[in-house]
Amino acid sequence: MIGFGTLRTTLAAGLAALALATTSLAPAAARTLDEVIASGTLRVGVNPTLPPLGKFDETNTIVGFDVDFATEIAKTLGVKLEVVQVGSPDRIPFVTSGKIDVVMGAMTRTPERAKVIEFTVPVHTEVLGVLTTEDQPYQDWKSLNLPGVTFVEVRGSTPVKFIADNLPQAKVTLLDNYPDAVRALSQKRGTAMIDVIDFMGEHMRNYPNTKWKILPTPIDTYYCSMGVARNATGLKDWLNVAIFDMHRRGRTAELWKKWFGMDMIAPVQASPYF
């Protein structure tokens, strides 16, 4: 994921891993589609530090949207799912070295990453936008560049610099984590919050009496896919068809709402021309 909110820490760590990933390229190590089917197991890398995409439950098992999505993909392929824990720095090297067949964990498509791995069609999007409440009159993020506006942001997160660069007249209140930031917004201790709004859903639903509003004009929209090794063309082609079918049947939307507590802000449209 290239999220704002420390970019969910993903972009910096992911790009830092590119050099390692490049040196780790081992085309012969990637399993073909036939080899995956013959093995009876699809190995999918999931990052448990990006809830609700992936997290540890009370039994120390990795669960989340990525696990549920990958489980259905594996079932469609007729194999079992093997979840492999990955982090932002090692997820691309795990793919290129053949330790896993597929990587998830908010894999935003970027030209730099595409030099190293292949991307499927999008699984989901992430919207960098503005979260506020219905009593606020703002409809566009650019209209928030006012002295009377106070952003509530997480200390050290990327939106803090974005606000300084693009909305310099606004004030910023810094808090230590996302639950505190969303709580402060609910308590009207701030005007708005900039971040990857999809990941705020689990915090927003803790305040059912707050009338939340997401500004209709996003700052940016990111497209996240499954990542596979560059020579795994057959596997990628099959995954594209399976992902399309998940969107077509509405199953992706169901799983998203289950884990994020709200609809995907910018749904991936199921297009046969992928």
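For clarity, every value in this text was computed on a predicted model and none was experimentally measured.

(A) Fine view of the layout of surface pockets. Estimates place the volume of the largest pocket at around 160 Å³. Listing elements by their share of the lining of the largest pocket, those giving two or more residues are α9 (233–248) and α10 (251–260). Here the lining of the largest pocket takes four residues from α10, the largest share from any one element.

(B) View of the pattern of salt bridges. Tallied over the full model, the rule gives 14 salt bridges. One salt bridge connects D165 with K161, and the closest N-O pair in it is separated by 2.6 Å. Of the two residues, D165 and K161 both sit in helix α6 (residues 158–166), four residues apart, roughly one turn of that helix. Its relative accessible area of 48% is what places D165 among the partly exposed residues. Judged by its relative accessible area of 56%, K161 is exposed. Here R183 and D180 are joined by a salt bridge, their closest N and O atoms 2.6 Å apart. Of this pair, R183 and D180 both sit in helix α7 (residues 178–186), separated by three residues, roughly a single helical turn.

(C) Expanded view of the confidence of the model for the protein chain. Confidence in the prediction for the protein chain averages 90 pLDDT; 90% of positions are at 70 or higher. Below pLDDT 50 for its whole length, residues 4–27 participates in 65 contacts with residues either more than four positions away or in separate chains.

(D) Summary view of α10. The complete set of buried residues in α10 reads T252, L255, W256, W259 and F260. Down the axis of α10, the smallest arc covering the buried residues is 110°, so these residues share one side. Against the buried residues of α10 lie β2 (55–56), β3 (62–63), α4 (65–77), β6 (118–133), α8 (201–204) and α9. Where α10 ends, the next residue or the one after it, G261, has phi of about 75°, a positive value.

(E) Region of interest: unusual backbone geometry. Along the chain, P51 connects to P52 via a cis peptide bond; the corresponding omega equals 5°. With respect to the helices and strands, P52 occurs in the loop between β1 (41–46) and β2. Positive phi, normally seen in glycine, also occurs at N60, with a value near 65°. With respect to the element layout, N60 can be found in the loop between β2 and β3. According to the relative accessible area criterion, N60 is exposed, its value standing at 57%. For K188, which is not glycine, the phi torsion reads 60° and is therefore positive. Note on placement: K188 falls in the loop between α7 and β9 (193–196).

(F) Structural context of the pairing of strand β11 (residues 220–228). With three bridges joining them, strand β5 (residues 102–108) and β11 adopt antiparallel strand pairing. Looking at β11, one finds that V103 is bridged to G227. One ladder, built from eight bridges, connects β6 with β11; its direction is antiparallel. Looking at β11, one finds that H124 is bridged to C224.

(G) Summary view of the packing of α4 against α9. Following both chains from N to C, one finds α4 and α9 inclined at 115°, their axes separated by 10 Å at the closest point. Crossing of α4 over α9 shows right-handed handedness. For the pair α4 and α9, contact is made by F69, E72, I73, T76 and L77 and by W238, L239, A242, I243 and M246, respectively.

(H) Broad picture of the pairing of β5. Taking burial as the measure, the seven residues of β5 include seven buried ones, the bulk of the element. Inspection of the sheet shows β1 paired to β5 by two bridges, in the parallel sense. In the strand pairing of β5, V44 is matched with V102.

(I) Highlighting the packing of aromatic side chains. Inspection of every chain in the model, using the stated rule, returns six aromatic pairs. Measuring from centroid to centroid gives 3.7 Å for W256 and F260, while their planes differ by 5°, and the two rings are stacked. Taken together, the residues W256 and F260, both in helix α10 and four residues apart, mark about one turn of the helix. With respect to class, W256 is no different from F260; both count as buried. Through a chain of ring-to-ring contacts, the aromatic side chains of F65, F69, F199, W256 and F260 assemble into a single cluster.

Rules behind the numbers
Residues numbered from 1 in each chain as written. Predicted model: local features only at pLDDT ≥ 70, side-chain atom pairs only at ≥ 80, totals over all residues. Heavy atoms only, no water. 1 Å grid on protein atoms, 1.4 Å probe; cavity = no way out; pocket = protein on both sides within 12 Å on 5 of 7 lines; lining within 4 Å. Points joined across faces, edges and corners; volume = space filled by probe spheres on them. Helix = DSSP H or I, 4+ residues; strand = E, 2+ residues; numbered from the N terminus. Salt bridge = Lys/Arg side-chain N within 4 Å of Asp/Glu carboxyl O. Buried < 20%, exposed > 50% of the residue type's maximum accessible area, 1.4 Å probe, protein only. pLDDT = per-residue confidence, 0-100. Contact = heavy atoms within 4.5 Å. Arc of directions from axis to C-beta. Pairing = 2+ DSSP bridges. Axes fitted to C-alpha atoms, helices over the stretch in contact; angles between N-to-C directions. Left-handed = near helix turned anticlockwise from the far one by under 90°. Phe/Tyr/Trp six-rings, centres within 6.5 Å; stacked < 30°, edge-to-face > 60°.

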